[in-house]
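Working through the structure, step by step
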Amino acid sequence: QRRGGKKRPMNIAVLTARAEEFKAALELKPSSPLCMKAAEAGRKAGVEGWGIGPVLYGSVAEWVNQVNKGRRKFANFEVLRAQNFGGVSYVYVGD
C-alpha cells in the first residue's frame, strides 16, 4: 500500500507463547496496552491504522513443556512466511 509516494509499512506480526486455548482471556485486542502503543506510534508517524497483526498464538502444550516453545515459534514463523508478502524482510525481536 502506498501513501504519499511511500510504501505503507506492514503491521507488526506477533509470535506469542500465549495459549490459543486461553485466547478469550489472553488475546491481544485493540484495547491491549501493546496494541494501543503500536497504534499511537503509527499515528505519530502519520500512518493511520498501523499496529499489531497478525497474531500467531502458541498452545497449552508449550506452557506445560517449555522445550517445545521454540519449535512453536519457528512453526508460526513459517506460517507467517507462507503468507507470501513478496520481498518482505523480517526482523525477530523477542525471547
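It should be noted that the structure appears before, not after, this text.
My aim in this report is to walk through the structure given alongside it, one point at a time. (Residues numbered from 1 in each chain as written. Predicted model: local features only at pLDDT ≥ 70, side-chain atom pairs only at ≥ 80, totals over all residues. Heavy atoms only, no water.)

The next thing to look at is the overall build of the chain. Helices and strands together make up the secondary structure of the chain, namely 4 helices and 4 strands. Going from N to C terminus, the chain has its helices and strands arranged as β-β-β-α-α-β-α-α. Along the first, second and third principal axes, the C-alpha atoms of the chain reach 50 × 30 × 20 Å. The 95 residues of the chain split such that 24% are buried. Contacts in the chain between residues far apart in sequence, at least 24 positions, make up 64% of those at least 6 positions apart. (Helix = DSSP H or I, 4+ residues; strand = E, 2+ residues; numbered from the N terminus. Buried < 20%, exposed > 50% of the residue type's maximum accessible area, 1.4 Å probe, protein only. Contact = heavy atoms within 4.5 Å.)

This next bit is on the packing of aromatic side chains. This structure, assessed with the given rule, holds 1 aromatic pair. Seen from their ring centres, phenylalanine 22 and tryptophan 63 are 5.4 Å apart, and the 55 degrees between their planes marks the pair as tilted. Pair noted here: phenylalanine 22 is in the loop between strand E3 (12-19) and helix H1 (23-26) and tryptophan 63 is in helix H3 (residues 60-64), with a separation of 41 residues, a long-range link. The exposure class of tryptophan 63 is partly exposed, given its relative accessible area of 38%. (Phe/Tyr/Trp six-rings, centres within 6.5 Å; stacked < 30°, edge-to-face > 60°.)

On to helix H2 (residues 33-44). Here H2 is 12 residues long and its end C-alpha atoms lie 16 Å apart, about the 16 Å a rise of 1.5 Å per residue gives. Along H2, the residues classified as buried are Cys35, Ala38 and Gly42. Each buried residue of H2 sits inside an arc of 65 degrees when the element is viewed along its axis, so together they form one side. Exposed side of H2, more than 90 degrees from the buried face: Pro33, Lys37 and Lys44 are the residues found there. Looking at the buried positions of H2, the neighbouring elements they touch are E3 and strand E4 (52-58). Glycine 46 sits one or two positions beyond H2 and adopts a positive phi of about 80 degrees. (Expected span 1.5 Å × (residues − 1). Arc of directions from axis to C-beta.)

Coordinates in, geometry out; function isn't part of it.
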